[in-house]
Amino acid sequence: MPSPFRSAGFRWVVVAPAMLAAFVASFLFVTFHLMRATATPKRDKVVAALDAADPGWRMADLFAARNAALPPPERNAAEQVLRAERAIPKSYRDWERQPGSTQWRADLTNPHLPHKADVADLRKHLGQAREAVEQARVVRRLPAGGFTVTPKPDSAFFALPHIDHSRRVWLLLSHDSLVRAYDRDADGAVDSALALLAAARAIGDEPVFVSQLVRMSGANLCIGEVERTLGWCVGFDDAKLAELDQAFAEEAAAPRLRWAMRGERAFHHRMAELVDDGTLPSHQLARYDGQPYWYDPALDLWVRAGARDDQALGLAMFDELVAAADLPAGPQRAKAIGAVEERYGRLGSPAEGPIRRHLLFGLLRPAFHRTTESDTRTVAQLNAARVAIACERHRQKTGTYPETLDELPKELLPEVPTDPFSGKPILYTKLPDGAAAYSVGADGTDDGAVKLNPKNEKGNDLGFRLWTPEHRRKPPSPRPPETPSLFGGPGGFAMPFEDTPKPGTPTAPPPLSPRVRRPPEEPPGR
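Everything quoted here is computed from the prediction, not taken from an experiment.

Undergrad: What is the right way to read helix α8 (residues 161-182) from this model?
TA: Under the 1.5 Å per step criterion, the end-to-end length of α8 is 33 Å for 22 residues, consistent within 8% with the ideal 32 Å. Counting buried residues in α8 gives 18 out of 22 residues, a clear majority hidden from the surface. Just downstream of α8, Arg184 is the residue with a positive phi angle, here 70°.

Undergrad: Would you take a moment to explain the sheet that holds strand β3 (residues 462-467) for this structure?
TA: Within a sheet, adjacent strands bond to each other through the backbone by hydrogen bonds, running parallel or antiparallel. With respect to topology, three strands assemble into an open sheet ordered β1-β2-β3, the strand pairing being antiparallel. If you trace the sheet from one side to the other, it starts and ends with β1 (427-431) and β3, each paired once. Taking the axes of each pair of neighbouring strands and ignoring which way they run, one obtains an average angle of 15° across the sheet. In this structure, β1 lies alongside strand β2 (residues 434-439), joined through five bridges in antiparallel fashion. Counted as the bridge partner of Lys430 is Ala435 from β2. With respect to the sheet, helix α17 (residues 368-398) is in contact with β1, β2 and β3, its orientation differing from that of β3 by roughly 20°.

Undergrad: How should I be thinking about the environment of Asp419 in this particular structure?
TA: With respect to the helices and strands, Asp419 occurs in the loop between α17 and β1. Setting aside residues up to four positions removed in sequence, Asp419 forms contacts with Lys424, Pro425, Ile426, Ser439 and Val440. A polar side-chain atom of Asp419 sits 2.9 Å from the main-chain amide nitrogen of Val440.

Undergrad: When you look at the packing of helix α6 (residues 116-128) against α8 in this model, what are you seeing that I'm missing?
TA: Running from N to C, α6 and α8 cross one another at 125°; their axes reach a closest spacing of 10 Å. With respect to α8, the element α6 is oriented oblique. Where α6 crosses over α8, the two elements pack in a sense that is left-handed. Contact residues: α6 offers Lys116, Val119, Leu122, Arg123 and Leu126, while α8 offers Leu172, His175, Asp176, Leu178, Val179 and Tyr182. In the contact of α6 with α8, the residues fall into seven nonpolar, one polar and three charged.

Undergrad: Looking at this structure, I do not really get the packing of helix α14 (residues 307-325) against helix α15 (residues 331-344). What am I missing?
TA: The angle between the axes and the distance between the axes are what describe a pair of packed helices. It is at 9 Å that the axes of α14 and α15 come closest, and there the two elements cross at 170°. On the basis of their axis angle, the class for α14 and α15 is roughly antiparallel. Handedness of the α14/α15 crossing: left-handed. Each of Leu313, Ala316, Met317, Glu320, Leu321, Ala324 and Ala325 in α14 lies in contact with α15, whose residues at this interface are Arg333, Ala336, Ile337, Val340, Arg343 and Tyr344. Its residues assigned to classes, the contact of α14 with α15 comprises 10 nonpolar, no polar and three charged.

How each quantity is defined
- Residues numbered from 1 in each chain as written.
- Predicted model: local features only at pLDDT ≥ 70, side-chain atom pairs only at ≥ 80, totals over all residues.
- Heavy atoms only, no water.
- Helix = DSSP H or I, 4+ residues; strand = E, 2+ residues; numbered from the N terminus.
- Expected span 1.5 Å × (residues − 1).
- Buried < 20%, exposed > 50% of the residue type's maximum accessible area, 1.4 Å probe, protein only.
- Pairing = 2+ DSSP bridges.
- Axes fitted to C-alpha atoms, helices over the stretch in contact; angles between N-to-C directions.
- Contact = heavy atoms within 4.5 Å.
- Polar contact = N/O pair within 3.5 Å; in protein donor to acceptor, adjacent residues only side chain to side chain.
- Parallel < 35°, antiparallel > 145°, perpendicular 65-115°, else oblique.
- Left-handed = near helix turned anticlockwise from the far one by under 90°.
- Nonpolar A, V, L, I, M, F, W, Y, C, P; charged D, E, K, R; others polar.

Shown next as structure tokens:
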């Protein structure tokens, strides 16, 4: 009887599929190693060029050098920020977490004063945190510092708990500045605003996108407090205003974008290394097409196969971004970064086609244009504030705001700062009830400072409003009507879930800083 293993049917049913599977496996094996082998010289060449041009650019070296350069704790502004945060009492934290505890601040419109009851409540709780306030106000007298950040040896992720601690101190100083301005303590309010800016600048040169974005938000919060103070008070010490001008000039000149781009380059390189050697599976890296995806061995191998090529591509892109970030904030920088976005934006995205060869590159590429826009907006606000402060100093000396900026003496404003959106000098207009220094904003259109919107929405300008003394300290605006909630309470948005706190009880802590591409089970931060 003939063996069934020699029959034609057996060969078609068993042997042929086995041979096909072996062929496919061999093809994939060869393709995997060929892709990695051909990309290795390309990556090594880019890395060697970076080693020569920018020694210490790798993540471990970048953070080690930065941490070593920090001042001792007693002279480090960042350490003082942490001391102030630890001094905030529980009673104040619980009050601050109450829904609507300071919501009225968002409804304030300069130069209108807040309602007395709101200020009384704020004053009461600030009194409980007086020690923390005094600790926080010390920050402005310390030199710049920074927080110690140490990435894990086997990971590119790291925690940034100090971001939330810093923001809590900023809000404390913001409240203190508001109460002092309400009490007509002009110089005290300016001191608290300067401390707020110093606390924001204590983030220093932290080479992380989210850290620099938070630093920008602190600078903008300070500008808002100064604008409010100038809308409520008169009789400022000229030396205080000069100190504000100097602090704003220094912050406008800080290379925040370069620090962020260098850190992001090191992060990109380290992540690609971890994917390349198999330490970090690709399914933990990010969300694919905006949705969670399961572990797929084939996908993981595909990402690893292209890791070295994507590593070289990412380093090349970030070299261009770092070079563009060295340019001053303005149209030329925006154009250079826009060109990089256009060149690399489609790689690793659905626009690349059904087979995404640069999938890892697409997963790691940050939204760097948003950080660039935020930095440009911050510089515009700082420069407009500098012009406004010079005009206020001129009013204190002469009794009136200048008709044009040409009337300002050089000792008040050596030169008019540039509007980074237009590349031209900051604009100025004198108004019947004051004046305004402003930027045209992202739309590039001069709307005459009719409406100055810090969010820089289309059709609005971006800048700093001044009021003549007789138009300052206007009575409180009527309270906005309470809108009924979908879930019962007037103006509330509490969901009736089991964890919803009852009225009068502390709520959950404020949300943590934005999570920046970290895998599950990692602490807040990177």
